[in-house]
Amino acid sequence: MSTPPQACATDLDTLCINTIRFLSVDAVQKANSGHPGMPMGSAPMAYALWTRYLKHNPGNPHWFDRDRFVLSAGHGSMLLYSLLHLTGYGLPLSEMERFRQLGSRTPGHPERGHTPGVEITTGPLGQGLGNAVGMAIAEAQLAARFNRPGLDIVNHHTYCIVGDGDLMEGVAAEAASLAGHLKLGKLICLYDDNRISLAASTALSFTEDRGARFAAYGWHVVTVADGNDLAAIGAAIDAARAETESPSLILVRTHIGFGSPHKQDSFEAHGSPLGLDEVRLTKLKLRWPTEPPFLIPAPALAHFRQALGEGRQGEESWNAAFSEYARKFPHEAAELKRIMAGELPDGWEESLPHFAADPKGISTRLASGKFLAAVAPRIPELMGGSADLNPSTYTVLPGEGDFEPPAAEDTDRQGSVGPSWGYGGRNIHFGVREHGMGAILNGMAAHGGMIPFGGTFLTFSDYLRPSLRLAALMGVRVIHVFTHDSIALGEDGPTHQAVEQLAALRAIPNLTVIRPADANETVVAWRLALERRNGPTALVLSRQNLPVLDRTRFAAADGVRMGGYVLRETEGGGPELILIATGSEIPLVIASEERLRERGIRARIVSLPSWELFDAQPREYRDAVIPPAVTARLVVEAGSPLGWHRFVGERGAVIGVERFGTSAPGEVVMREYGFTVDNICRHALSLIGCQDEPA
């Protein structure tokens, strides 16, 4: 569909901007659902960015050295979909017409992997800004690692459009604070400063000086007084690109629902269609034909589609530079190709640690730390840290340096894990910022070339749950190390003792949760996490020491791959009772089975560290591990019993925790809450109809 340019506007830029606006307006109106106001107000700055600055190739959305663009204000998704269609991504106009409909490629909020050109899933406000920080970290680390004089093979920016709601959210504050400290000069955020939220004017709730706040974080701050002033927007982006030692925030004063006679600058334009009458009046006011809908003037489309040729040329130039790079630095080029493909290096598993049987044992958090120390030199894309808990979570890559600004002074870095390697370091100090850490890890993973991990206590997984949920929704490879996994952590008390968190994590689709029972199960769990490419993994680890099992007496730890396995089989016949446990409760179950065996009770021990992996196995395997005919089943886990009943059935029982913990030494708390051999045996005997007290 086309119309002469004079029928719409006399200026090509205005024509293009209004094309974005009315594609968005028409799509929202047809769907009778959506957020038209944000695209209408922010179209000029998005147009300026996408046509004059953004380095991308619509013909290959996955070109590695492209700029990354994040629409943190994901409710304005039609802004992004309009840009993707107009610049030539594989998103036809018919998908604009199916906005928010079942099976369309234009869902209500942008979804990574669902729509070509969408870098990250956004919608929950503030997450996108945190994701953008992670992308900028990834770019900086890879540039430090791979670039050579005259051959900047990794050299791109991360751009992000944020709204008022994004900057209100705490996750954005956490991420922005760290970004300022890290001096991420290639991170540029454009702030759609329209001063309207979904419910009302921000004057009711959000009146601080946002520019001063970001300046205090260490950001370079620029203000554009008129959101329709393309020259001022361009000058601000130029200034931001010139500032290489600070991330930039460009405050662009916009008007939500721009052009709407009755809804501009009103919350009514935020989260609802304008209405047919208001759409017509808005088009008349902005000199746009009222019919047909979804109009794309030919001159505007031709201008936008220049991105195809420019992008192709940009990628071809980069390919030529990479060919030269490969001639001069063949090892580095091969390594970059490997990590761009998301593949692990050949032979990396040769460095896996093995732990000898030891009744005193070590904690699984410490075993995890030893695993990281062993494999870090073999997997250079492994990068991460903790929310200021390295001494407790053992999430350190020894000898791999701290990720810090290149000019960081070591004299002020007390307690660091090692010297600063500038942006070449692989240990990130996230500070006490769990939620921001989660969003940043997602951005690193979505950028590519990284396997990010982060650590905190299991109870604080609640702080980052929204980010973890998004990682699962996107299917990105992020590894979360959750230590201090139960009431057994002891004296820190109920605020730090996880109870309901395991059940809550297991409820997240596409999140693999693994709670290993000893050091060697921990090694297998980490290996699975690294090999998994289509979703996040949560490793749930103990604070207290756990015996390293003698695998000549028990099944090999590689059974963790199946999610659950027969750890110890009965003698003298099939089982009459199945004891199921995870993590730190496995040694208790082993001791209980030995006492039961003395009484002639045949009890099979099943280690079931991962529901998700076990559920993925064939029915024949699952039934072999937990035979349907054996209905006497007892689960022992120091957490909420929610969900376990599907494994134990009607005749089974669960020894779990259904109240908060308490402050006392860990072994005292466990005894008080019923995690004893006596209590386990009492329950087991009851299940098989024997009421005698255990000896």
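Residues numbered from 1 in each chain as written. Predicted model: local features only at pLDDT ≥ 70, side-chain atom pairs only at ≥ 80, totals over all residues. Heavy atoms only, no water.

- Under an unreviewed UniProt entry, the protein chain has the name Transketolase and belongs to Geobacter pickeringii.
- The heading Sequence similarities (unreviewed entry) in the UniProt record of the protein chain holds the text "Belongs to the transketolase family."
- According to UniProt, the comment filed for the protein chain under the heading Function (unreviewed entry) is "Catalyzes the transfer of a two-carbon ketol group from a ketose donor to an aldose acceptor, via a covalent intermediate with the cofactor thiamine pyrophosphate." (UniProt positions renumbered as here; feature names shortened; annotations may be inferred.)

### Re the domain arrangement of the protein chain
Phase 1: By the assigned domains, the protein chain splits into domain 1 (12-311), domain 2 (348-407 + 415-548) and domain 3 (562-688).
Phase 2: Just the C-alpha atoms count here: the centres of domain 1 and domain 2 sit 33 Å apart.
Phase 3: Domain 1 puts 31 residues into the contact, and the matching count from domain 2 is 33 residues.
Phase 4: Interface area, domain 1 with domain 2, both sides summed: about 2700 Å², of which 66% is carbon and sulfur.
Phase 5: The largest share of the area that domain 1 buries against domain 2 comes from Gln141, Glu174 and Leu178, three residues that together contribute 21% of it.
Phase 6: Here domain 1 is connected to domain 2 by zero salt bridges. (Domains from an automatic or database assignment. Contact = heavy atoms within 4.5 Å. Buried area = accessible area lost by both parts, 1.4 Å probe. Salt bridge = Lys/Arg side-chain N within 4 Å of Asp/Glu carboxyl O.)

### A short note on the confidence of the model for the protein chain
Any region with low pLDDT has predicted coordinates that should not be read closely.
Phase 1: Per-residue confidence for the protein chain gives a mean pLDDT of 95, with 96% of residues at or over 70.
Phase 2: Taken together, the stretch residues 1-10 has pLDDT below 50 and engages in 29 contacts with residues farther than four places along the chain or on a different chain. (pLDDT = per-residue confidence, 0-100.)

### A few points about helix α19 (residues 519-531)
Phase 1: Helix length check: α19 (13 residues) gives 19 Å between terminal C-alpha atoms against 18 Å at 1.5 Å per residue, within 8%.
Phase 2: Most of α19 sits out of view: eleven of its 13 residues are buried.
Phase 3: When we look at burial in α19, the residues that qualify are Ala519, Asn520, Glu521, Thr522, Val523, Val524, Ala525, Trp526, Leu528, Ala529 and Leu530.
Phase 4: Capping the start of α19, Asp518 holds a side-chain oxygen 3.3 Å from the backbone nitrogen of Asn520, two or three residues further along. (Helix = DSSP H or I, 4+ residues; strand = E, 2+ residues; numbered from the N terminus. Expected span 1.5 Å × (residues − 1). Buried < 20%, exposed > 50% of the residue type's maximum accessible area, 1.4 Å probe, protein only. Polar contact = N/O pair within 3.5 Å; in protein donor to acceptor, adjacent residues only side chain to side chain.)

### Focus: the packing of helix α16 (residues 434-447) against helix α17 (residues 461-474)
Phase 1: The geometry of α16 relative to α17 is characterised by a closest axis approach of 6 Å and an angle of 15° between their N-to-C directions. In terms of axis orientation, α16 runs roughly parallel to α17. Seen from above, α16 lies across α17 with left-handed handedness. In this structure, α16 contributes Glu434, His435, Met437, Gly438, Ala439 and Asn442 to the contact, and α17 contributes Tyr463, Leu464, Pro466, Ser467, Leu470, Ala471 and Met474.
Phase 2: Here the contact of α16 with α17 is composed, by residue class, of eight nonpolar, four polar and one charged. (Axes fitted to C-alpha atoms, helices over the stretch in contact; angles between N-to-C directions. Parallel < 35°, antiparallel > 145°, perpendicular 65-115°, else oblique. Left-handed = near helix turned anticlockwise from the far one by under 90°. Nonpolar A, V, L, I, M, F, W, Y, C, P; charged D, E, K, R; others polar.)

### Some thoughts on the sheet that holds strand β9 (residues 451-457)
Phase 1: Reading across the sheet, the six strands line up as β8-β7-β9-β10-β12-β11 and stay open at both edges, with parallel pairing between neighbours. Among the strands making up the open sheet, the edge pair consists of β8 (427-429) and β11 (512-514). Adjacent strand axes in the sheet meet at a mean angle of 20° when their direction is disregarded.
Phase 2: Across three bridges, the pairing between β11 and strand β12 (residues 537-540) is parallel. The residue of β12 that forms the bridge with Thr512 is Thr537. (Pairing = 2+ DSSP bridges.)

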